[in-house]
Amino acid sequence: MRASKNRAKRGSMHISGAETICTEQQLKQIAQQYIKRALSHSRGNPDEVVITVERITKKPLDIPLLNTRTAKCSSPDKARQLITEFLLGAGVSARAVNAGLKVLYSKKHMRGACIMLSVSGRRAEPDRMRGVRVSRFGMTDSAEKIMTAIPGIKKSNIRTVTEAITLASKTAHHADILAEVCISDDPDYTTGYAASKQSGYLRIPCIKQHGDMRGGRVIFVRQDADITAVVDYLEKRPVIVSAKKVRR
Ligand code: WAQ
Ligand code: MG
């Protein structure tokens with residue numbers, strides 16, 4: 001689902017988006033939920049809502065759910081420090097960390113993610129205005145049950161966190177991806193995350209100020225990554241995140 005608002009002269013503004021994998025039987029109910037979501041979003045009222053449904057013919061790849069931790073963080077400054085430490089630990093260069101932070105805290109708003117080369121800090125996504133939209137991912141029921149048991153997550157936020165961890169688990173699974181950082185563009189959602197296969201999913205509270213409409217996602221890839229293959233994996237490869245393979 002994607003919802004957007006028309007703005008005079010400035011083109012359309014992205015309001016919200018969501019994606020999942022479901023059975024044919026679940027389709028009607030999920031489409032209804034997505035339309036409801038599109039029409040009641042904190043970023044505003046959309047002028048256009050697009051629902052795309054596609055049959056998956058390839059068997060989804062079964063990948064593990066990332067482990068979750070929550071950082072102690074009480075300000076965006078501290079969050080920047082935590083993000084920096086996380087990324088350096090994942091093998092991202094200081095130069096690429098700074099370039100990534102610039103994109104994450106920029107006023108420019110994208111619908112998808114920036115793909116950044118982890119040594120040079122060069123942006124490699126084919127369309128810089130749109131970014132790369134990670135899609136075709138879902139979670140098994142047993143993994144969803146684990147999500148509801150994570151301590152410290154408000155009930156009303158479980159859906160957001162579940163979707164973010166599913167996306168992050170898919171992203172982190174690719175061999176050419178070193179790490180990902182995300183800040184929600186919802187003005188009332190101030191917890192972001194950093195994730196990698198090695199370190200798991202680190203929730204970062206107070207990553208931005210309440211009321212801030214900015215947000216973004218940056219995916220750091222190996223300097224010599226095959227970008228076309230990475231983008232194809234992120235956008236097209238069906239993936240199911242399952243709990244049975246959780247690493248502890
Ligand atoms: N693929 C790539 N980038 C995306 C996607 C996607 N499917 N969805 C959103 N983005 C980018 C886009 O630039 C948005 O502006 C930005 O990420 C934020 O998207 O554990 O809600 O959907 O509590 O607002 C984090 C949860 C929630 C942390 C993140 O992101 C936690 C969130 P949003
Ligand atoms: Mg959002």
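Report follows, based on the coordinates. (Residues numbered from 1 in each chain as written. Chains lettered and ligands numbered in written order. Predicted model: local features only at pLDDT ≥ 70, side-chain atom pairs only at ≥ 80, totals over all residues. Heavy atoms only, no water.)

1. Observations concerning the pattern of salt bridges
To keep it simple, the criterion reads: For salt bridges, the criterion is a side-chain nitrogen of Lys or Arg within 4 Å of an Asp or Glu carboxyl oxygen. Every helix listed is a DSSP run of H or I at least four residues long, and every strand listed is a run of E at least two residues long, numbered separately from the N terminus.
Going through the model one piece at a time under the given rule, you end up with 9 salt bridges. For Glu54, the salt bridge identified is with Arg136, shortest N-O distance 2.7 Å. With a gap of 82 residues between them, Glu54 in the loop between strand 3 (48-50) and strand 4 (61-64) and Arg136 in the loop between strand 6 (114-117) and strand 7 (137-139) connect regions that are remote in the sequence. Arg222 is the partner of Asp176 in a salt bridge, and the nearest nitrogen-oxygen pair spans 3.9 Å. Here Arg222 lies in the loop between strand 11 (216-221) and helix 6 (227-236) and Asp176 lies in the loop between helix 5 (158-173) and strand 8 (177-183), a separation of 46 residues in the sequence.

2. Thoughts on the site of ligand 1
Rule in force here: If a single non-hydrogen atom of a residue is within 4 Å of a molecule or strand, that residue counts as near it. N or O atoms closer than or at 3.5 Å make up a polar contact, with two conditions inside protein: a donor-capable atom paired with an acceptor-capable one, and, for residues adjacent in sequence, both atoms drawn from side chains. Accessibility throughout is a Shrake-Rupley quantity obtained with a 1.4 Å probe, and a residue counts as covered only by protein chains that appear here.
Residues in contact with ligand 1 amount to 26 residues; listed here are only the nearest, Val134, Asp185, Tyr189, Tyr201 and Arg203. Arg217 places a side-chain nitrogen or oxygen 3.2 Å from an oxygen atom of ligand 1. In the complex, the protein chains occlude 93% of the 700 Å² of accessible area that ligand 1 would expose alone. At the level of elements, helix 5, strand 8, strand 9 (192-196), strand 10 (200-204) and strand 11 are the ones that each hand at least two residues to the shell around ligand 1.

3. Brief notes about a nonpolar patch on the surface
Cut-off, in case you're wondering: Patch definition: residues with relative accessible area over 30% and no salt bridge; like charges joined within 9 Å; nonpolar side chains (Val, Leu, Ile, Met, Phe, Trp, Tyr) joined within 5 Å.
Together, Leu27, Ile35, Leu39, Val49, Ile51 and Val53 make up an exposed nonpolar region whose accessible area comes to about 450 Å². Sort the elements by how many residues they give to the nonpolar patch and helix 1 (residues 27-39) lands first, with 3 residues. When you line up the elements, Leu27 lands in helix 1.

4. Re the coordination of the magnesium ion (ligand 2)
For clarity, the cut-off: The donor set comprises N, O and S atoms within 2.8 Å of the metal, extended to 3.2 Å for Na, K and Ca; water molecules are omitted, so apparent gaps in a site may simply reflect that omission. Think of it in three bands: with a 1.4 Å probe and only protein chains considered, a residue is buried below 20% of the maximum accessible area for its type, exposed above 50%, and partly exposed in between.
For the magnesium ion (ligand 2), the protein coordination sphere consists of Asp185 (OD) and Asp186 (OD), at 2.0 to 2.1 Å. Looking at Asp185, the relative accessible area reads 15%, which means it is buried.

5. Some remarks on the sheet that holds strand 4
Selection criterion: Any two strands with at least two DSSP bridges between them are considered paired. Note on method: axes are straight lines fitted to C-alpha atoms, helices fitted across the in-contact stretch only, with angles between N-to-C directions ranging 0 to 180 degrees. Only heavy atoms enter the contact rule, under which two residues are in contact if any of them lie within 4.5 Å.
Across the sheet, 3 strands lie side by side as 4-12-7; this open sheet has parallel pairing. Looking at strand neighbours, the two that pair on one side only are strand 4 and strand 7, the edges of this open sheet. Taking each pair of neighbouring strands and ignoring which way they run, the sheet shows an average axis angle of 30°. Relative to strand 12 (residues 239-242), strand 4 runs parallel, the two being bridged by 4 bridges. Residue Leu61 lies in a different strand from strand 12, and its bridge partner there is Val239. Strand contacts of helix 5: strand 4, strand 7 and strand 12, with the helix running at about 120° to strand 7, the strand carrying the most contacts.

6. What to know about the packing of aromatic side chains
For clarity, the cut-off: In this analysis, rings of Phe, Tyr and Trp, with Trp reduced to its six-membered ring, are considered paired at centre separations within 6.5 Å, and the interplanar angle assigns stacked below 30 degrees, edge-to-face beyond 60, and tilted for intermediate values. In this analysis the charged atom, NZ for Lys or CZ for Arg, is taken to sit over a ring once it is within 6 Å of the ring centre and within 35 degrees of the ring normal.
Under the defined criterion, the tally for this structure stands at 1 aromatic pair. The ring of Tyr105 has Arg80 sitting right over it, with the charged end atom 4.3 Å from the ring centre. A cation over an aromatic ring shows up here: Lys170 above the ring of Tyr233, its NZ or CZ 5.2 Å from the ring centre.

7. Some details on the packing of helix 4 (residues 141-148) against helix 5
The criterion, for reference: Roughly parallel means an angle under 35 degrees; roughly antiparallel, over 145; roughly perpendicular, 65 to 115; everything else is oblique. By definition, any crossing whose near helix is turned counterclockwise from its far helix by less than a right angle is left-handed, and any crossing with a clockwise turn is right-handed. When residues are sorted by character, Ala, Val, Leu, Ile, Met, Phe, Trp, Tyr, Cys and Pro go into the nonpolar class, Asp, Glu, Lys and Arg into the charged class, and all the rest, Gly among them, into the polar class.
Two elements in contact, helix 4 and helix 5, have axes separated by 10 Å at closest approach and are oriented at 125°. When the axis of helix 4 is compared with that of helix 5, the two are oblique. For the element pair helix 4 and helix 5, the recorded crossing hand is right-handed. Residues Glu144, Met147 and Thr148 of helix 4 touch helix 5, and the partners they reach there are Ile158, Val161, Thr162 and Ile165. Counted by class, the contact of helix 4 with helix 5 contains 4 nonpolar, 2 polar and 1 charged residues.

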